[in-house]
Amino acid sequence: MKKRPLAYTAIFIVLSELFGLMELWPGILLCSLFLVLAGWKEKSLFFLFLISIVLVFYVHGTNAKSVMYQEKERENTFIYATGIVTESVGGENPWFYLKTKDIGEKTIQVKVTTSSCLVEKGDKVQVKGELSCFSEPTNPGEFHVNYYYHSIGISYQCTSDQVVILEENKNPFYQLSEYCSKRLKEFYVQFMKSENAGILSGILLGDKTGILEEDKLRYQEAGISHILAISGLHMGCIGMSLFHFLRKRRISYFSSAFVAIFFLFLYTIMVGNSVSMERAFLMLFIVLIGEVMGRKSDMLTTLSLVAAVVVVKQPFVLLHSTFYLSFLAVYSLAVFPAWIDKIWQGKSVWKQYFMSGFCVQLGLFPVFAESNHYLVTYSFLTNFFVLFFFSYFLTFSIFVSIFSFLLPEIAGFLLDFIEIFLEGIRFITEINEMLPLYKIRIPHNPWWWYAVYYVLIVLSFCILGNSLNDRKNTDEHHFKGKLRNKNFFYVICLWIFFFFGMYGFHHQGKLHVAVLDVGQGDGILLKQEGGINLFIDGGSSSKKQLGKYVMVPAMDYYGIEQIDYAFLSHLDADHISGVVELLEMGKIKKVVISAYTAQNHLKDSELMQYLTEENTMIVTEGMEFHRKDLNIKILSPETDGTYENANESSMVMELSYHGKNMLFTGDVGEETEAALLEKVSKDIDLLKVPHHGSKYSTSEPFLDKINPANAVISCGNNRYGHPSEEVLERLVKRGIKVHNTKEEGAMVFVIP
């Protein structure tokens, strides 16, 4: 700590803020204990200073969290707010960010219900509407919308049909940046394919609205989505290139740095202030100040100080993966190459670019795995190619963009070379998808797995680094024959043990039953470790795009690429809307429906267009399935039965696994329940309460027969009164443990 006191101070500030936000007081105790012991050993007062820093910023983090909770008190409050627009997006669903003092120096996202009112960045406007807080995840793997918006400084959202522009923006910096941004976008669209124009706008201007979803996904799955974000490479190309250009013309250090920083400031205004942009700007600012003072900045100290500044300014960045992806990438480039140089000696341009891609992937693996739940096997090779050419591409693209203001026709011709590069990247990503095992699914892991991962990296470099140190004291023949091979063998064994341990951790034979919070509807995901994956229903009448925002994230969380069987109780929208989305995505192998439903309801369902002979299974009453230790029995409906409505003809399934029995009932009512009394087992461990808790189901004779230990009600806000007081009373008086997704979110049961 004596060598880099500022770096260690900044690191402890970041850790303290994180522990404060997560309310992890044991973490603060461990940090304080470590510093006390270190200070006692070193006999230094610096450690007492660090302890005070730890405590102060822990309190700062907890206060930030409490403020977020206090904001909920304003939810559903009707407001008139006046403020300055900090960002604006038009299109079919226009919105803007409004910074206002009317609710305590907060920024809100205003969604405009009319497209006739177009506001620009910097305008002073007044809005009228109802405040609401951002949603929090209630399902496994669901995106934390509230944390994300707080990480970029947005506290509330508001839908408004009354937006009044009080004063148009007259700030010359804003006007210049808006003009340049709009002019460049029009230039790209005029001379390029629309999909490539959108990508170039994302790379240079930070505007991703024009990038096709399939291109975003392709870049992400190839492990190169980072080039779509404004980063240090952009700032370096602009800032350092301009600085060195001016210095070669014998402009003073101070003037050159001032001009470079000024242009970086304008660029930041134009592209927006993201975490990666803020990090890159501050780091380059420190580097340029160092050039003026004749001092060389230390990469680790600079990066740590910038991280501390970003975190203290907005603590919630610590709860979003963008912060870690941005800073860990640079930390990896600052630390790992020096360690690798001790093992792999020699210098070449190819080695430098290969190491850059490899080191970034090595450092980001835990964050990428936990945020995306997969590993791109060949990403380091893709990054090797892209990074090797990307700096030249970026410099050329910036030159062409600036040149377009002078001679647009000639600049438009030069855009053809940029398109060739973008088409090359698209070709590489498509080839990537054709390779075997190009993407490996990684389910959610506990935090300590990733802590072990980083410890193993350090340990591996220590072991391999010792090979080089021991080489100086050992003859060449002995080193080559024994020592080097032995150390590499140790490292390989460590990593084999780690990955096999991770594999074994997720293949213990457990069955995960996740009753998802789908709003008003049903959706139950069953994950059998080392076995099959099922959905029982999957639809909602209250949540849009259920498949995209709830079902797929849950699948990713459990490391599921495809669902083996999707059992549909019946074909109402609140049971199949999400399944239809998954079929469109190709994420379901087989859809299972009853013969009664196929004969009487299938032809009129939207599901019909997605079903084929290969992906459809028709089942009848009494059929049983055995998959490893999982047994599934179809209890209803009868193929030739007569039912009052589609709800009564719902498929009823009894599942058993390792001695535990579960009953899934669709939307059946008392009529079908009476018919099930002779078919269903006694002592059910888990009951999915029929028809979302309707008073016309879950009858007393039915409950007396099955005697469930646990009952789950799947419902959301609805006009039907689900769940009914009568049903709740029947369940409670029998001592049944009742769970409600409306109140508790998704319920996950794990059967060992």
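Going by the structure above, here's the rest.
Let me begin by describing the structure that accompanies this report. Being a predicted model, the structure only gives us computed values, none of them experimental. (Residues numbered from 1 in each chain as written. Predicted model: local features only at pLDDT ≥ 70, side-chain atom pairs only at ≥ 80, totals over all residues. Heavy atoms only, no water.)

Side note on the pairing of strand β21 (residues 747-751)
As a general feature of sheets, a regular strand has side chains that alternate between the two faces.
For step 1, the next point in the chain: Going residue by residue along β21, you find Met747, Phe749 and Ile751 tucked away on one face and Val748 and Val750 left uncovered on the opposite face.
For step 2, the next point in the chain: As paired strands, strand β8 (residues 511-515) and β21 are joined by 5 bridges and run antiparallel to one another. Bridge assignment links leucine 511 to a residue of β21, and that residue is isoleucine 751. (Buried < 20%, exposed > 50% of the residue type's maximum accessible area, 1.4 Å probe, protein only. Helix = DSSP H or I, 4+ residues; strand = E, 2+ residues; numbered from the N terminus. Pairing = 2+ DSSP bridges.)

What about the environment of proline 446?
For step 1, the next point in the chain: On the secondary structure map, proline 446 appears in the loop between β7 (439-441) and α16 (447-471).
For step 2, the next point in the chain: Its relative accessible area of 18% is what places proline 446 among the buried residues.
For step 3, the next point in the chain: Once the C-alpha coordinates of proline 446 and glutamate 370 are considered, the two residues, 76 residues apart in sequence, prove to be 9.6 Å apart.

Here we look at the sheet that holds strand β1 (residues 78-89)
For step 1, the next point in the chain: Read around the closed barrel, 5 strands run β1-β2-β3-β5-β4, paired in mixed fashion. Put simply, the sheet's adjacent strands are angled 50° from each other on average, direction ignored.
For step 2, the next point in the chain: Of the pairings in the sheet, the one linking strand β3 (residues 106-112) to strand β5 (residues 156-167) comprises 5 bridges and is parallel in character. Bridge pairing in β5 places valine 112 opposite serine 160. (Axes fitted to C-alpha atoms, helices over the stretch in contact; angles between N-to-C directions.)

What to know about the state of the cysteines
For step 1, the next point in the chain: A complete count under the given rule lists 0 disulfides for this structure.
For step 2, the next point in the chain: With no disulfide of its own, cysteine 359 lies 15 Å from the sulfur of cysteine 462, the closest cysteine sulfur. (Disulfide = S-S within 2.5 Å.)

Considerations on helix α11 (residues 299-313)
For step 1, the next point in the chain: The terminal C-alpha atoms of α11 lie 21 Å apart, and with 15 residues this matches the ideal 21 Å at 1.5 Å per residue to within 8%.
For step 2, the next point in the chain: Looking at α11, one finds that the buried residues are Leu300, Thr301, Thr302, Leu303, Ser304, Val306, Ala307, Ala308, Val310 and Val311.
For step 3, the next point in the chain: Its buried side turned inward, α11 meets α1 (5-22), α10 (275-293) and α12 (321-343). (Expected span 1.5 Å × (residues − 1). Contact = heavy atoms within 4.5 Å.)

With respect to the nonpolar core
For step 1, the next point in the chain: One finds Tyr188, Ile203 and Leu422 to be the most contacted residues of the largest nonpolar core, which totals 48 residues.
For step 2, the next point in the chain: Secondary-structure elements contributing two or more residues to this core are α5 (172-191), α6 (194-205), α8 (232-248), α9 (253-271), α10, α14 (379-403) and α15 (408-434). (Core = buried A, V, L, I, M, F, W, Y, C linked by side-chain atoms within 4.5 Å.)

Some points on the environment of aspartate 341
For step 1, the next point in the chain: Structurally, aspartate 341 can be placed in helix α12.
For step 2, the next point in the chain: Assessed through its relative accessible area of 36%, aspartate 341 is described here as partly exposed.
For step 3, the next point in the chain: Separated by 14 residues in the primary sequence, aspartate 341 and methionine 355 have C-alpha atoms spaced 9.5 Å apart.

What to know about a nonpolar patch on the surface
For step 1, the next point in the chain: A surface patch of nonpolar side chains, about 1,100 Å² in accessible area, is lined by Phe173, Tyr253, Phe254, Phe258, Phe262, Phe263, Phe265, Phe285, Ile289, Val292 and Met293.
For step 2, the next point in the chain: Among the secondary structure elements, those contributing two or more residues to the nonpolar patch are α9 and α10.
For step 3, the next point in the chain: As for its placement among the helices and strands, phenylalanine 254 is situated in helix α9.
For step 4, the next point in the chain: A relative accessible area of 58% places phenylalanine 254 in the exposed class. (Patch = residues over 30% accessible without salt bridge, like charges linked within 9 Å, V, L, I, M, F, W, Y side chains within 5 Å. Areas by Shrake-Rupley, 256 points an atom, 1.4 Å probe, with all protein chains shown as cover. Salt bridge = Lys/Arg side-chain N within 4 Å of Asp/Glu carboxyl O.)

Examining the side chain of arginine 441
For step 1, the next point in the chain: Structurally, the position occupied by arginine 441 is in strand β7.
For step 2, the next point in the chain: Of the residues examined, arginine 441 reaches a relative accessible area of 18% and is grouped as buried.
For step 3, the next point in the chain: At 2.8 Å, the side chain of arginine 441 forms a polar contact with the side chain of aspartate 556.
For step 4, the next point in the chain: Of note is the side chain of arginine 441, whose polar atom sits 2.6 Å from the side chain of glutamate 561.
For step 5, the next point in the chain: Filtering out sequence-adjacent residues up to four positions away, arginine 441 remains in contact with Asn372, His373, Tyr374, Asp556, Gly559, Ile560, Glu561 and Lys587. (Polar contact = N/O pair within 3.5 Å; in protein donor to acceptor, adjacent residues only side chain to side chain.)

Digging into the pairing of strand β11 (residues 563-567)
For step 1, the next point in the chain: Burial analysis of β11 places 5 of its 5 residues in the buried class, which makes it a mostly covered element.
For step 2, the next point in the chain: Alignment of strand β10 (residues 533-540) against β11, held across 3 bridges, turns out to be parallel. Note on β11: the bridge partner recorded for leucine 534 is tyrosine 565.
For step 3, the next point in the chain: Handedness of the crossover joining β10 and β11 through helix α18 (residues 546-557) is recorded here as right-handed.
For step 4, the next point in the chain: Alignment of β11 against strand β12 (residues 588-594), held across 4 bridges, turns out to be parallel. In the strand pairing of β12, isoleucine 563 is matched with isoleucine 588. (Right-handed = clockwise from strand over helix to strand, strands pointing away.)

A closer look at the pattern of salt bridges
For step 1, the next point in the chain: Summed over the entire model, instances satisfying the criterion amount to 21 salt bridges.
For step 2, the next point in the chain: In this structure, arginine 441 engages glutamate 561 in a salt bridge whose closest nitrogen and oxygen atoms are separated by 2.6 Å. On the criterion of sequence distance, the pair formed by arginine 441 in strand β7 and glutamate 561 in the loop between α18 and β11 is long-range, its members being 120 residues apart.
For step 3, the next point in the chain: Ionic pairing is found between lysine 543 and aspartate 517, a salt bridge with its closest N-O pair at 3.9 Å. Taken as a pair, lysine 543 in the loop between β10 and α18 and aspartate 517 in the loop between β8 and β9 (521-528) lie far apart in primary sequence, 26 residues in all.
For step 4, the next point in the chain: Taking the relative accessible area as the measure of exposure, aspartate 517 reaches 10% and is therefore buried.

Looking at unusual backbone geometry
The general pattern is negative phi for most residues beyond glycine and trans for most peptide bonds.
For step 1, the next point in the chain: In this chain, serine 636 is followed by proline 637 through a cis amide linkage whose omega measures 10°.
For step 2, the next point in the chain: Mapped onto the elements of the fold, proline 637 is located in the loop between β15 (630-636) and β16 (652-657).
For step 3, the next point in the chain: Phi at glutamate 23 takes a positive value of approximately 55°, unusual for a residue other than glycine.
For step 4, the next point in the chain: Taking relative accessible area as the criterion, glutamate 23 reaches 45% and is therefore assigned partly exposed.
For step 5, the next point in the chain: In this structure, glutamine 545 takes a positive phi of about 50° despite not being glycine.

Considering the packing of aromatic side chains
For step 1, the next point in the chain: One pass over the structure, following the stated rule, counts 38 aromatic pairs.
For step 2, the next point in the chain: On the numbers, 6.0 Å between centres and 90° between planes, the contact of phenylalanine 413 with phenylalanine 417 is edge-to-face. Placement of both phenylalanine 413 and phenylalanine 417 in helix α15 is noted, with a separation of 4 residues, approximately one turn of the helix.
For step 3, the next point in the chain: Judged by its relative accessible area of 46%, phenylalanine 417 falls in the partly exposed class.
For step 4, the next point in the chain: Between tryptophan 449 and phenylalanine 498, the ring centres sit 5.3 Å apart and the planes meet at 70°, which makes this aromatic pair edge-to-face. Note that tryptophan 449 is positioned in helix α16 and phenylalanine 498 in helix α17 (residues 476-505), a separation of 49 residues in sequence. Phenylalanine 498 matches tryptophan 449 in its accessibility class, with the two residues each being buried.
For step 5, the next point in the chain: One aromatic cluster is present, formed by Phe365, Trp448, Trp449, Tyr453, Tyr454, Trp495, Phe498 and Phe499 through successive ring pairs. (Phe/Tyr/Trp six-rings, centres within 6.5 Å; stacked < 30°, edge-to-face > 60°.)

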